[in-house]
Amino acid sequence: KETLAELRRVIFDLRPMVLDELGLVSAVRRYADYVSALGGPAVEVVVHGAERRLDPPLEVAAFRVVQEAVSNARRHAAPTRVAVHLEFGQDFLQVTVKDDGRGFDPEEARRRARERGSIGLISMEERVKLFGGRFSVHSAPGAGTRISARFPVTEVPAGSRPEAAPA
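Residues numbered from 1 in each chain as written. Predicted model: local features only at pLDDT ≥ 70, side-chain atom pairs only at ≥ 80, totals over all residues. Heavy atoms only, no water.

(A) Up close: helix α5 (residues 106–116). Inspection of α5 places P106, A109, R110 and A113 among the buried residues, and these make up the whole buried set. The arc enclosing the buried residues of α5, seen along the axis, measures out at 100 degrees, which places them on a common side. What points out from α5, more than 90 degrees from its buried face, is the exposed set E107 and E115. Along its buried surface, α5 packs onto α6 (120–130) and β4 (134–139). Taking the backbone nitrogen of E107 as reference, a side-chain oxygen 3.0 Å away marks D105 as the first, capping residue of α5. (Buried < 20%, exposed > 50% of the residue type's maximum accessible area, 1.4 Å probe, protein only. Helix = DSSP H or I, 4+ residues; strand = E, 2+ residues; numbered from the N terminus. Arc of directions from axis to C-beta. Contact = heavy atoms within 4.5 Å. Polar contact = N/O pair within 3.5 Å; in protein donor to acceptor, adjacent residues only side chain to side chain.)

Next comes the structure, spelled out in structure tokens:
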């Protein structure tokens, strides 16, 4: 039973099929439910604006930012609350993950990450920049953390979404 649960977790971590099938919001909600069920803080998902499907690579990048930020919060911050906000603007997607955990010094964390070869914050920032977006980390010891990623969005061409592909 434990092996099966671990296998499901690994498969989900690699690429959640719900992301392809139902989109970013459903994948993030399912991930939040999964993480909440593991114990620890509940993960709340809030959607602002008109939810819509985006270019699949952008949805994957946004999902990975959420996944890494939530994972880091659970692993390092001991929060009592984690909130994921997805804001769909006309020409952007804003992803924000906030926690009320112990916080940290972002510059010190980046320096240690480079020294140790850790990829958490650095990989999130690189993912966002690959899409021409902006990434920021706001935190301080004892003050929680807010990670924000703003992706520019253009219209998705018809037929490029998985659900639009011919059977």
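Now that the structure is up, let's keep going.
(B) View of the sheet that holds β4. Here 5 strands make up an open sheet; going across it, the order is β1-β2-β3-β5-β4 and the pairing mixed. Edge positions in the sheet fall to β1 (42–49) and β4, since each has one partner strand and no second. With direction set aside, neighbouring strand axes in the sheet form an average angle of 10 degrees. With 8 bridges joining them, strand β3 (residues 92–99) and strand β5 (residues 145–152) adopt antiparallel strand pairing. Residue pairing for β5: K98 is matched across the bridge by R146. (Pairing = 2+ DSSP bridges. Axes fitted to C-alpha atoms, helices over the stretch in contact; angles between N-to-C directions.)

(C) Layout of the environment of Q90. Relative to the elements of secondary structure, Q90 occurs in the loop between β2 (81–88) and β3. Q90 sits in the exposed class, given a relative accessible area of 76%. Residues Q90 and G49, spaced 41 residues apart in sequence, show a C-alpha to C-alpha distance of 8.7 Å.

(D) Quick peek at the pattern of salt bridges. Taken as a whole, this structure holds 5 salt bridges when the rule is applied. When the shortest N-O distance is used, the salt bridge between E59 and R53 registers 2.9 Å. An identical accessibility class is assigned to E59 and R53; each is buried. With a shortest N-O distance of 3.2 Å, E125 and K129 are connected by a salt bridge. Of this pair, E125 and K129 both sit in helix α6, 4 residues apart, roughly one helical turn. Residue E125 is classed as buried on the basis of its relative accessible area of 17%. (Salt bridge = Lys/Arg side-chain N within 4 Å of Asp/Glu carboxyl O.)

(E) Quick look at the nonpolar core. V70, V84, L86, L93, V95 and F151 are the most contacted members of the largest nonpolar core, which has 39 residues in total. Among the elements that make up this core, the one with the highest residue count is helix α4 (residues 56–77) (10 residues). (Core = buried A, V, L, I, M, F, W, Y, C linked by side-chain atoms within 4.5 Å.)

(F) Region of interest: unusual backbone geometry. For A78, which is not glycine, the phi dihedral falls at a positive 50 degrees. When you line up the elements, A78 lands in the loop between α4 and β2.

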